[in-house]
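Here is how the chains run, residue by residue.
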Amino acid sequence: MITAEDVRSAASAVAGYARETPVLPAKRLSRELGGEIWLKLENLQVTGSFKVRGAINRLEALTEEERAAGVVAASAGNHAQAVAWAARRLGTAATLFMPAEAPLAKIAAVREYGGDVRLVDGKLEEAFEAALAEAGDRVFVHAYDDPMVVAGQGTVGLELARQIEDIRQVVVPIGGGGLIAGVATALRDSNPGLRVVGVQSEAVAPYAKGHRDSPSVPSTICDGIAVKRPGKLTGPLVEELVDDVVTVSDDETAQAMVHLLERSKQVVEGAGAVGVAALMHGRVKPAAEGSTVVVLSGGNVDATLLVEAIRLGETSAGRRMILSTKIPDRPGGLAALLSLVADLGANVLDVEHLRDGMDLHVRETAVQLVLQTRGPEHDEAIVEAVRGAGYEPRLEH
């Protein structure tokens, strides 16, 4: 089992390599939900996630012979980046086995950090098997099922204990379980009454009650925590140290990503935003007294996925609507509709002329508008105003 002393020892190894990341008050969430909510910004960590803590702690313990041979790891992205970065800093070589469908930005980052990337067809499990098969005498650096890795991740908890007084609850994303096990170990040492809540994607939630294992990992924007099974080490730790595990959907996660971007000015990947999603959608209630801390575990997100998450988040929150209607097929017809929509305070993102699927008079055409709005009430007001102006609006889903 991992002890608080193991985490304190890891802090000495990590010092000078990993950053002490800041905490930020989540003022909007605190006002809306009650309680005092803080964000731990591990998205600002070296390599963009907490993973570098565990990687440094594990690689610092290599013997000279092990360091000369190099290390091997398997990862969908964040752990691979951390191991590659740590290996370069500590003077060893790293071979990283990654799924071929891993985000391109993460693959590129691993190579930039000096890692030797081997792409493997399939998911993380196939990459894991390939890495173990080719490791030979080299040390395999597990992403979470290693006591030194877990202790390294626990240094997040040590920092929180110094940064925030009276922590009553900590909300942490769960993939393999290394981060939440380490954080809980560190914080519970001085705060035994602390409530620890884990959050998983509902697409892949092996730690959640009622979970059923599936033969494949579904696609999810929370790819960083899409781990099918609890670890042999972390499974018992999570069972002992974690009070509850909840799940959130991709739509809810996307809304949380948009909220963090707009309100806290933080770019956070899906896996890192699930804790905020759990608070926003009532899966977790803020502590009635004292502070609730949410760990934003990573910020490594492809630009294309971020754009898609923004679209998904705004749509789920009712802030993006698709409106179709007929307009007169004469000069100024479209301009009149767009002027009306603009006066209503909507932002036009896209306009498309429609020729099929609608019963059109020879002097009519149809258009489809993609609108950015303030929310469901604004949506209704726009539809009513467009209808009141003589149009026949139709909402698309």
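For the structure itself, consult the block above.
Residues numbered from 1 in each chain as written. Predicted model: local features only at pLDDT ≥ 70, side-chain atom pairs only at ≥ 80, totals over all residues. Heavy atoms only, no water.

### Overview of the overall build of the protein chain
Assigned secondary structure in the protein chain consists of 16 helices and 14 strands. Here the C-alpha coordinates of the protein chain stretch approximately 80 × 50 × 40 Å along the principal axes. Of all 397 residues assigned to the protein chain, the portion counted as buried reaches 55%. Of all intrachain contacts in the protein chain linking residues separated by at least 6 positions in sequence, the fraction that spans at least 24 positions is 72%. (Helix = DSSP H or I, 4+ residues; strand = E, 2+ residues; numbered from the N terminus. Buried < 20%, exposed > 50% of the residue type's maximum accessible area, 1.4 Å probe, protein only. Contact = heavy atoms within 4.5 Å.)

### Overview of the pairing of strand E7 (residues 167-173)
Burial analysis of E7 places six of its seven residues in the buried class, the great majority of the element. Here five bridges tie E7 to strand E8 (residues 195-201), and the two strands are oriented parallel to one another. Residue pairing in the sheet places Val-172 in a bridge with Gly-198 of E8. For the crossover that starts at E7, traverses helix H10 (residues 178-190) and ends in the parallel E8, the hand is right-handed. (Pairing = 2+ DSSP bridges. Right-handed = clockwise from strand over helix to strand, strands pointing away.)

### Details of the side chain of Asp-379
The residue Asp-379 is located in helix H16 (residues 376-388) in this model. Of the side chains bearing the opposite charge, Arg-319 lies closest to the buried Asp-379, which forms no salt bridge; the N-O distance is 8.7 Å. Polar contacts involving the side chain of Asp-379 include one to the side chain of Thr-373, which spans 2.6 Å. In this view, Asp-379 contacts Gly-318, Met-321 and Thr-373; residues no more than four positions away in its chain are not counted. (Lys, Arg positive; Asp, Glu negative; His and termini not counted. Salt bridge = Lys/Arg side-chain N within 4 Å of Asp/Glu carboxyl O. Polar contact = N/O pair within 3.5 Å; in protein donor to acceptor, adjacent residues only side chain to side chain.)

### Comments concerning a positive patch on the surface
On the surface, a cluster of positive charge is made up of Lys-27, Arg-31, Arg-263 and Lys-265. Within the secondary structure, Arg-263 sits in helix H12 (residues 250-264). (Patch = residues over 30% accessible without salt bridge, like charges linked within 9 Å, V, L, I, M, F, W, Y side chains within 5 Å. Areas by Shrake-Rupley, 256 points an atom, 1.4 Å probe, with all protein chains shown as cover. Charge placed at Lys NZ, Arg CZ, Asp CG, Glu CD.)

### Section: the packing of aromatic side chains
Following the criterion strictly, the structure yields one aromatic pair and no others. For the ring pair Phe-128 and Phe-140, a centre distance of 5.2 Å and an interplane angle of 85 degrees mean the geometry is edge-to-face. With a gap of 12 residues between them, Phe-128 in helix H7 (residues 124-135) and Phe-140 in strand E6 (residues 139-140) connect regions that are remote in the sequence. (Phe/Tyr/Trp six-rings, centres within 6.5 Å; stacked < 30°, edge-to-face > 60°.)

### What to know about the sheet that holds strand E11 (residues 320-328)
Hydrogen bonds between backbone atoms are what pair the strands of a sheet, whose relative direction is either parallel or antiparallel. Taken in spatial order, the four strands line up as E12-E13-E11-E14 in an open sheet, and their pairing is antiparallel. In this open sheet, the two edge strands, each paired with only one partner strand, are strand E12 (347-354) and strand E14 (394-396). Ignoring which end each strand starts from, the neighbouring axes of this sheet average 30 degrees apart. Here three bridges tie E11 to E14, and the two strands are oriented antiparallel to one another. The residue of E14 that forms the bridge with Leu-323 is Leu-395. Against the sheet, H16 touches E11, strand E13 (364-372) and E14, its axis set at about 5 degrees to E11. (Axes fitted to C-alpha atoms, helices over the stretch in contact; angles between N-to-C directions.)

### A closer look at the nonpolar core
With 33 residues, the main nonpolar core has Leu-160 and Val-170 as its most contacted residues. Elements that contribute at least two residues to this core include exactly helix H1 (4-14), helix H8 (147-153), helix H9 (155-163), E7, H10, helix H11 (234-241) and strand E10 (291-296). For this core, the element with the highest residue contribution is H10, accounting for seven residues. If you look at the next biggest cluster of nonpolar residues, it comprises 32 residues, including Leu-29, Ala-254, Val-268 and Ala-271. (Core = buried A, V, L, I, M, F, W, Y, C linked by side-chain atoms within 4.5 Å.)

### Things to note about the pairing of E8
Of all the seven residues making up E8, six are buried; the element is thus mostly covered by neighbouring parts of the structure. Of the pairings in the sheet, the one linking E8 to strand E9 (residues 244-248) comprises five bridges and is parallel in character. In the strand pairing of E9, Val-199 is matched with Val-246.

### A few points about the pattern of salt bridges
Under the counting rule described, the total for this entry stands at 22 salt bridges. When the shortest N-O distance is used, the salt bridge between Glu-125 and Arg-229 registers 2.5 Å. Taken together, the positions of Glu-125 in helix H7 and Arg-229 in the loop between E8 and H11 put the pair 104 residues apart, joining distant regions of the chain. Among the residues examined, Glu-125 registers a relative accessible area of 30% and is labelled partly exposed. Judged by relative accessible area, which is 42%, Arg-229 ranks as partly exposed. Put simply, Arg-283 and Glu-252 hold a salt bridge, and the shortest N to O gap is 2.5 Å. Of the two residues, Arg-283 is situated in the loop between helix H13 (270-280) and E10 and Glu-252 in helix H12; the sequence distance between them amounts to 31 residues. By relative accessible area, Glu-252 is classed as buried at 13%. A single network of salt bridges, built from pairs that share partners, joins Lys-40, Glu-42, Arg-53 and Glu-159.

Keep in mind these values describe shape, not function.
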